[in-house]
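An overview of the molecular structure
Residue strings, one per chain:
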Amino acid sequence: MNLLRFDSESAWIGAVCSMWRDRLRTTPALTMCLPSGTTPAGIYADMSRGGRTGLVSFARATVFALDEFGGLPADDPGRTRHTLQRQLIGGVGLPSSAFHFLEPDCPDANQHCLDYDKTIGDGFDLVLLGIGLNGHLGMNEPGSPIDSPTRRVELHGTTVASSARYFAHQNLPRWGLTVGLKAIMAAKEVWLLANGPAKAEIIQRTVRGDIGAANPASLLRRHPNCSLFVDAEAGALVV
Ligand code: PGA
């Protein structure tokens, strides 16, 4: 795992976006798996500005949403699909047919997950990930097998509690669908993103602690091409 540490959040955003634009220039038909959450919001805002000013285009790219909350109304603005659409997809010229997302409340979620993995096909060129306070990746909570497929998962209590900031109501989701660790580990390139002081402890454990399912993010140390981007605060305990 390459550790890339930046002095400020703005430098961290600038570096991720610069490298991301580079990947899209080199491979316009890039296939990406992208998270929602608070971590990438500034990055998506910067990429969207680039989209509007012609600095970057997703016109030939493909995007898969990393996960989706279950048990919410289809139009809940806190759902991953809508967050990605609002923060990124709408601004970068991605054709709507190239945006794939999970539908937790479809009649046969198991088949839907199998189909999602089939559509992913040859795999992702690039996966962006936030990190949960317990090390989860997407909704792959601690204990998730390294070869897990896209599937339904129950969220841990701490994940439910910390999801409150995504929603304008108290009906917090307790389960969801997530791309599995198998597809994440098979990606050509993975970028794990962390900013702010709340992530310092889990980043320290991810970089220096044991590698194992107890901390899913630690498994990325076995990935051949994974970079961890941290700002000064998230990287403060990594010495
Ligand atoms: P956050 O969530 O980006 O909102 O901090 C990350 C996560 O829980 O995966």
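Structure: see above.
Anyway, here's the lowdown on the structure attached to this text. (Residues numbered from 1 in each chain as written. Predicted model: local features only at pLDDT ≥ 70, side-chain atom pairs only at ≥ 80, totals over all residues. Heavy atoms only, no water.)

1. Side note on the side chain of Asn140
Worth spelling out the cut-off: Going along the chain from the N terminus, every DSSP run of H or I of four or more residues is numbered as a helix, and every run of E of two or more is numbered as a strand. Relative accessible area decides the class of each residue, using a 1.4 Å probe on protein chains only: under 20% of the type maximum gives buried, over 50% gives exposed, and in between gives partly exposed. Definition of a polar contact: a pair of N or O atoms within 3.5 Å, with one able to donate and the other able to accept a hydrogen when the atoms are protein atoms, and with sequence-neighbouring residues admitted only if both atoms are side-chain atoms. Residue contacts are defined here by distance: any two heavy atoms, one from each residue, within 4.5 Å place the two residues in contact.
If you trace the backbone, Asn140 turns up in the loop between strand 6 (126–129) and strand 7 (151–154). The exposure class assigned to Asn140 is buried, which follows from its relative accessible area of 0%. Separated by 2.9 Å, the side chains of Asn140 and Arg151 make a polar contact. Once residues within four sequence positions are removed from consideration, Asn140 is found in contact with Ser148, Arg151, Thr178, Val179, Gly180, Leu181, Ile184 and Pro216.

2. Concerning the packing of helix 2 (residues 41–52) against helix 3 (residues 80–92)
Rules: The angle between two axes is taken between their N-to-C directions and runs from 0 to 180 degrees, where each axis is a line fitted to C-alpha atoms and a helix contributes only its stretch in contact. Oblique is the label for any angle not covered by the other classes, which are roughly parallel (under 35 degrees), roughly antiparallel (over 145) and roughly perpendicular (65 to 115). Each crossing gets its hand from how the near helix is turned against the far one by less than a right angle, where anticlockwise is left-handed and clockwise is right-handed. Here the nonpolar group is Ala, Val, Leu, Ile, Met, Phe, Trp, Tyr, Cys and Pro; Asp, Glu, Lys and Arg are the charged ones; every other residue, Gly included, is treated as polar.
The interhelical angle for the contact between helix 2 and helix 3, taken along N-to-C directions, is 20°, at an axis separation of 7 Å. As judged from the angle between their axes, helix 2 and helix 3 are roughly parallel. For helix 2 against helix 3, the interelement crossing comes out left-handed. Contacts between helix 2 and helix 3 involve Ala41, Tyr44, Ala45, Met47, Ser48, Gly51 and Arg52 from the first element and Leu84, Gln87, Leu88, Gly91 and Val92 from the second. Classifying every residue of the contact of helix 2 with helix 3 gives seven nonpolar, four polar and one charged.

3. Details of the pairing of strand 3 (residues 62–65)
Walk down a regular strand and you will see the side chains alternate between the two sheet faces. For clarity, the threshold we go by: Pairing between two strands requires that DSSP report at least two bridges joining them. Here the term right-handed applies to a crossover when the path leading from its first strand over the helix to its second strand runs clockwise, the strands being oriented away from the viewer.
The pairing of strand 2 (residues 31–34) with strand 3 spans four bridges and is classified as parallel. Paired with Thr31 across the strands is Thr62, a residue of strand 3. Between strand 2 and its parallel partner strand 3, the chain crosses via helix 2, and the hand of that crossover is right-handed. In this sheet, strand 5 (residues 99–100) lies alongside strand 3 in parallel orientation, the contact comprising two bridges. Its bridge partner being in strand 5, Phe64 is matched across the sheet by His100.

4. Points about the sheet that holds strand 9 (residues 189–194)
Strand order in the open sheet formed by seven strands is 1-10-9-6-2-3-5, and the pairing between neighbours is parallel. Each having just a single partner strand, strand 1 (2–6) and strand 5 make up the two edges of the open sheet. Note: strand 6 against strand 9, four bridges, orientation parallel. Looking at strand 9, one finds that Leu128 is bridged to Trp191. Running at roughly 165° to strand 9, helix 1 (residues 9–26) makes contact with strand 1, strand 2, strand 6, strand 9 and strand 10 (226–231) of the sheet.

5. Points about the pattern of salt bridges
Quick note on the threshold: Within this document, salt bridges are pairs made up of a side-chain nitrogen of Lys or Arg and a carboxyl oxygen of Asp or Glu, the two lying within 4 Å of each other.
Scanning the entire structure with this criterion turns up 10 salt bridges. Of the charged contacts, one joins Asp46 and Arg21 as a salt bridge, the two residues approaching to 3.7 Å between their closest N and O atoms. Remark: Arg21 occurs in helix 1 and Asp46 occurs in helix 2; sequence separation between them is 25 residues. For Glu189, the salt bridge identified is with Arg23, shortest N-O distance 2.8 Å. With Glu189 in strand 9 and Arg23 in helix 1, this residue pair connects regions lying 166 residues apart in the sequence. For Glu189, a relative accessible area of 10% translates into the label buried.

6. Some details on helix 3
For the record, the criterion: One less than the number of residues in a helix, times 1.5 Å, gives the span that helix is expected to have. Across the chain, bend at a residue is computed as the angle between axes fitted to the seven residues ending at that point and the seven starting from it.
With 13 residues, helix 3 extends 17 Å from end C-alpha to end C-alpha; this agrees with the ideal 18 Å at 1.5 Å per step. Of all the bends in helix 3, the greatest measures close to 50° and is centred on Arg86. Thr80, Thr83, Leu84, Leu88, Ile89, Gly91 and Val92 are the residues of helix 3 that are buried. Looking at the buried side of helix 3, the elements it contacts are helix 1, strand 2, helix 2, strand 3, strand 4 (67–69) and strand 5.

7. Observations concerning the sheet that holds strand 4
Ordered by their spatial adjacency, three strands build an open sheet running 4-8-7, and the pairing between neighbours is antiparallel. Both edges of this open sheet fall to strand 4 and strand 7, since each of them pairs with a single strand only. The mean angle between the axes of side-by-side strands here comes to 25°, regardless of whether they run parallel or antiparallel. Here three bridges tie strand 4 to strand 8 (residues 175–178), and the two strands are oriented antiparallel to one another. Paired with Glu68 across the strands is Leu177, a residue of strand 8.

8. Comments concerning the site of the ligand
Cut-off, in case you're wondering: Only a single heavy atom is needed: when it lies within 4 Å of a molecule or strand, its residue is near that molecule or strand. Only the protein chains shown count as cover for residues, and the accessible areas themselves come from Shrake-Rupley with a 1.4 Å probe. For cavity detection a 1 Å grid was placed over the protein atoms alone, and a set of points counts as a cavity when a 1.4 Å probe fits there but cannot get out; an open set counts as a pocket when protein lies on both sides within 12 Å along at least five of seven lines, with lining residues being those that have an atom within 4 Å of a point. Pocket or cavity membership: a molecule qualifies when more than half of its atoms sit within 2 Å of the grid points of that site.
The local shell around the ligand consists of Gly37, Thr38, Thr39, Ile131, Gly132, His136, Arg165, Tyr166 and Lys199. Interatomic distance of 2.5 Å between a side-chain N/O atom of Thr39 and an oxygen atom of the ligand. When the ligand sits alone it has 280 Å² of accessible area, and the protein chains cover 88% of it. If you map the ligand onto the pockets, it falls in the largest pocket. Partitioning the shell around the ligand into residue classes produces two nonpolar, five polar and two charged.

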